[in-house]
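# Commentary on secondary and tertiary structure
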Amino acid sequence: MKFVSYESQGQASFGLVQDNKIIDLKARLNGAYPDLKSFIASDDWRKLAEDALGSGQGDADFDSVSLLPVIPNPDKILCVALNYGDHVAEANAHLPGGRETPKYPMMFARMADTLLGHRGNIVRPKVSSDLDYEAELLVVIGKEVPRYVEQKDALQYVFGYSAMNEGSIRDYQFHSRNLTPGKNFYRTGGVGPWLVTADEIADPQALDIELRLNGTVLQKASTADMIFPVAKLISYISEWLPLKPGDIIASGTMGGVGFTRKPPIFMKPGDTAEVEISGIGVLTNGVVDDV
């Protein structure tokens, strides 16, 4: 199943995508669940969704709505840096002091208003032109993860997967060793095109992922190349705090990012960026200047 959060006629809702139509679950369930985060936390979400899928035609055209980030209001957005060997190597070659393969996941946080949905425009801020791209597999938690969950048990808590282009303002990122400023500019992280349930992804470590900028492939890898697989990330995070339904993990990017190229390649107004992940689909975002 594919879920989306969206706006139509000024109203926020969520639903299922079927045959390029959206089944409006918020309306059909009489507002019992105000958003997708509350819906996936329900023990009955699968039955409710299956009943809706069997109920007939959709309520809106997928192409006509304004798509939001798959979870617009997550409690936590936890991101991983340096989770592919080739990205570690290029960072080591281009950053002062170099970078080594991490022994533990290198984590940082993003804020909810840094995200935008499929077909939305990534915003290049007035203070920088160093807007880089990063293709990533996005993980959405569906059940509360207990503390200290073992890696072998971790994937049962995943609700689904999506794609992300984690736009990064590189000069701000490298003002210090603190990644937070460069990773948290308003509307720089594209997420979508939808949230695919975990039962449709047999193995999150067997997905092809690539980023195209204006049709040119700039990043390409398999999620098998992750240093820390999804299950390890969940297990590691659970050592320091519980995860809840709707929480998001951005699992890191591969080599080929723009700031390491000669000359550097940064996203600019008028560009179209696409992140394609097998089993999920294609996330597409334009780029505009802040006004």
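This report concerns the structure included in the present document. Source: prediction; values computed, not measured. (Residues numbered from 1 in each chain as written. Predicted model: local features only at pLDDT ≥ 70, side-chain atom pairs only at ≥ 80, totals over all residues. Heavy atoms only, no water.)

## A few points about the packing of aromatic side chains
Inspection of every chain in the model, using the stated rule, returns 11 aromatic pairs. When the centroid spacing of 6.1 Å and the interplanar angle of 75 degrees are considered together, the rings of phenylalanine 3 and tryptophan 45 count as edge-to-face. Taken as a pair, phenylalanine 3 in strand E1 (residues 2-8) and tryptophan 45 in helix H3 (residues 45-53) lie far apart in primary sequence, 42 residues in all. Here phenylalanine 3 matches tryptophan 45 in class, with each residue buried. An aromatic cluster is present here, built from Phe3, Phe14, Tyr33, Phe39, Trp45 and Phe159 joined pairwise through their rings. We note arginine 119 situated over the ring of phenylalanine 62; from NZ or CZ to the ring centre the distance is 5.0 Å. (Phe/Tyr/Trp six-rings, centres within 6.5 Å; stacked < 30°, edge-to-face > 60°. Helix = DSSP H or I, 4+ residues; strand = E, 2+ residues; numbered from the N terminus. Buried < 20%, exposed > 50% of the residue type's maximum accessible area, 1.4 Å probe, protein only. Lys NZ or Arg CZ within 6 Å of the ring centre and 35° of its normal.)

## A look at unusual backbone geometry
Put simply, glycine 192 and proline 193 share a cis peptide bond, and its omega is 5 degrees. Positionally, proline 193 belongs in strand E14 (residues 189-197). Unusually for a residue other than glycine, glutamine 9 sits at a positive phi of about 55 degrees. One can find glutamine 9 in the loop between E1 and strand E2 (11-18). In this structure glutamine 9 comes out as exposed when scored by relative accessible area, which is 81%.

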